[in-house]
Amino acid sequence: MSPKYITRFIFLLSLLLTYSCDDGEEQTSPQPPKGGRGGGPGGWGGAGRPGGRGAAAIPVKGEKVTRSDMSAYVETYARLEAERQVSVLARTTGLLEELSVEEGTEVEQGQILLRLDKEELNLRLRQAKAAYEEANANYERIAVLHEQRMVSQTEYETTRLRFANARLGLEEVQLNLDHTDLEAPISGVITQRLVEVGDLVRNNQEVFVIADLDPLLVRIFIPERRMYQLHPGQEATIAVEALPERSFHGKIRMISPEVDPESGTVKATLEVDSNGLLKPGMFATVRIITERRPQTLTIPKKALVLETDEDDVFLIVEGKVRRVTVELGFVEGDQVEVLSGLKEDDLVVTVGHEGLKDDVSVRLAGEGSDPETGTAPPDGKGSKDQWEGRGGEEKKYGGQSGQPPQPGRPGGGPKHAAADSGLGQSPSPDTLRKTTAESHREGSPLPDSLREKSEALRTREDTQ
């Protein structure tokens, strides 16, 4: 075998042995440098986090315990009703000649609402007057003869009755004529108009509906067990869907003396001032105050922990939470009265109860803080990399394990050192084996310059 083939065989065998040894080497992590990231502040260690820092504080929202007025109440629903509502009927028959009011018009008692045609009734009035005058003359003549005993008692009585009927007929016609001008029976507002000009209005026909809108009434039904909490004159608050931002004051006018045996409720009638805004038929929410407690301790309803059967909250004390059992009182809207367990200005968690336990570190959401420890930088400034631990150091140096670059090495990494060692000179076989092993361990191919030099070395050995 020629020397050149022996040399190539030895070279390839050495490469194979080098690869095998490198594959079996144990990969070890770089040790942190001393004096920069040890166990002290800002170093490595402690709870598996950079700088020896513990578990991150959980962000939550909290509110203080305050004082406000609270009240107990009975709440129910009903429709508003007019105190008085009447149907106006025609009192005579005739053609509708004039309308004086429309729907929504406020009227006073005795005000003219409409006028009927009077021509036919005037004619009947004249006829009734003629009949009355004739009956009156006959009665006077028979009365004189009756005093002289010249006519019988029967004839006298017949004449007298005819005269009385004629007088009643005249009064009836006069009354019908007066009713052609229809008047309002009560003061109120026209809610319905049921006729038009030119209609033939008949006797007892409904033509208008008038309602008295101030005050309005609300009839509600209270459970029997709460009937003794109510009394006449008690105040109430009325709210309607049409005016959600306003409330109206009312009071109980009367309470029924009996309990409905079918529903087990008691009817209570309340009156409320309409203020020109409330209308009959509106759907209303009625709240009757049964007890008031001024300036009592309150917390938001969302502060209560829903995971347990007890009434408890998480109290924030010096950056940690503690579960506290409280005694609750009145509930009004989104506020709850606290009878015991808390004091004024205590801070309780309102958002973020999930996963909280006693002595867990928390921080109020929205406050500037370190993303891992919940503490802000000393000067309130600093770059993001300065607060990202090891990752920031790697970005700062551009190398591995937070090591600063070495002088004369761009980047300072071992790959750069291997590449630099082969530039400008022919590598020896030992150097080539070392470079090849490092490239294999790093999982990257040989640099193009070293590959060219390796090929040149093989060519030179072949020619020898």
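Let me sum up the structure you'll find in this document. (Residues numbered from 1 in each chain as written. Predicted model: local features only at pLDDT ≥ 70, side-chain atom pairs only at ≥ 80, totals over all residues. Heavy atoms only, no water.)

Looking now at unusual backbone geometry. Cis geometry marks the peptide bond from Asp214 to Pro215, where omega comes out at 0°. Structurally, Pro215 can be placed in strand β9 (residues 206–223). The phi dihedral of Arg149 falls on the positive side, at around 60°, and the residue is not glycine. Note on placement: Arg149 falls in the loop between α2 (119–147) and α3 (153–178). For Asp359, which is not glycine, the phi torsion reads 70° and is therefore positive. With respect to the helices and strands, the residue Asp359 is situated in the loop between β18 (347–351) and β19 (362–364). (Helix = DSSP H or I, 4+ residues; strand = E, 2+ residues; numbered from the N terminus.)

The next subject is the packing of aromatic side chains. Considering all chains together, one arrives at four aromatic pairs under this definition. When the centroid spacing of 5.3 Å and the interplanar angle of 5° are considered together, the rings of Tyr139 and Phe163 count as stacked. Taken as a pair, Tyr139 in helix α2 and Phe163 in helix α3 lie far apart in primary sequence, 24 residues in all. Residue Phe163 is classed as buried on the basis of its relative accessible area of 10%. Taken together, Tyr132, Tyr139, Tyr156 and Phe163 form an aromatic cluster joined through their ring pairs. Across from the ring centre of Tyr73, 4.0 Å away, lies the NZ or CZ of Arg287, which sits over that ring. Sitting over the ring of Phe330, Arg293 keeps its end group 4.0 Å from the ring centre. (Phe/Tyr/Trp six-rings, centres within 6.5 Å; stacked < 30°, edge-to-face > 60°. Buried < 20%, exposed > 50% of the residue type's maximum accessible area, 1.4 Å probe, protein only. Lys NZ or Arg CZ within 6 Å of the ring centre and 35° of its normal.)

Turning to the pairing of strand β11 (residues 243–255), a few remarks are in order. In terms of strand pairing, strand β10 (residues 235–240) meets β11 through five bridges, oriented antiparallel. Within β11, the residue paired with Ala236 across the bridge is Gly250. Hairpin connection between β10 and β11: a loop of two residues separates the two successive antiparallel strands. Taken together, the five bridges between β11 and strand β12 (residues 265–272) define a ladder with antiparallel strand orientation. (Pairing = 2+ DSSP bridges.)

Applying the stated criterion across every chain, the model contains 19 salt bridges. Across the pair Arg84 and Asp212 runs a salt bridge whose closest N-O atoms are separated by 3.8 Å. Here Arg84 is found in strand β2 (residues 66–89), whereas its partner Asp212 is found in strand β9, with 128 residues between them in sequence. The partner of Asp181 in a salt bridge is Arg115, with the nearest N and O atoms 3.0 Å apart. Remark: Arg115 occurs in strand β5 (residues 112–116) and Asp181 occurs in strand β6 (residues 181–183); sequence separation between them is 66 residues. The exposure class of Arg115 is partly exposed, given its relative accessible area of 29%. A single network of salt bridges, built from pairs that share partners, joins Glu98, Arg115, Lys118 and Asp181. (Salt bridge = Lys/Arg side-chain N within 4 Å of Asp/Glu carboxyl O.)

For the rest of this paragraph, the subject is α3. Between its terminal C-alpha atoms α3 stretches 38 Å, which fits the 38 Å expected from 26 residues at 1.5 Å a residue. Considered for burial, the residues of α3 that qualify are Tyr156, Thr159, Phe163, Ala166, Leu170, Val173, Asn176 and Leu177. Where α3 is buried, its residues meet α2. (Expected span 1.5 Å × (residues − 1). Contact = heavy atoms within 4.5 Å.)

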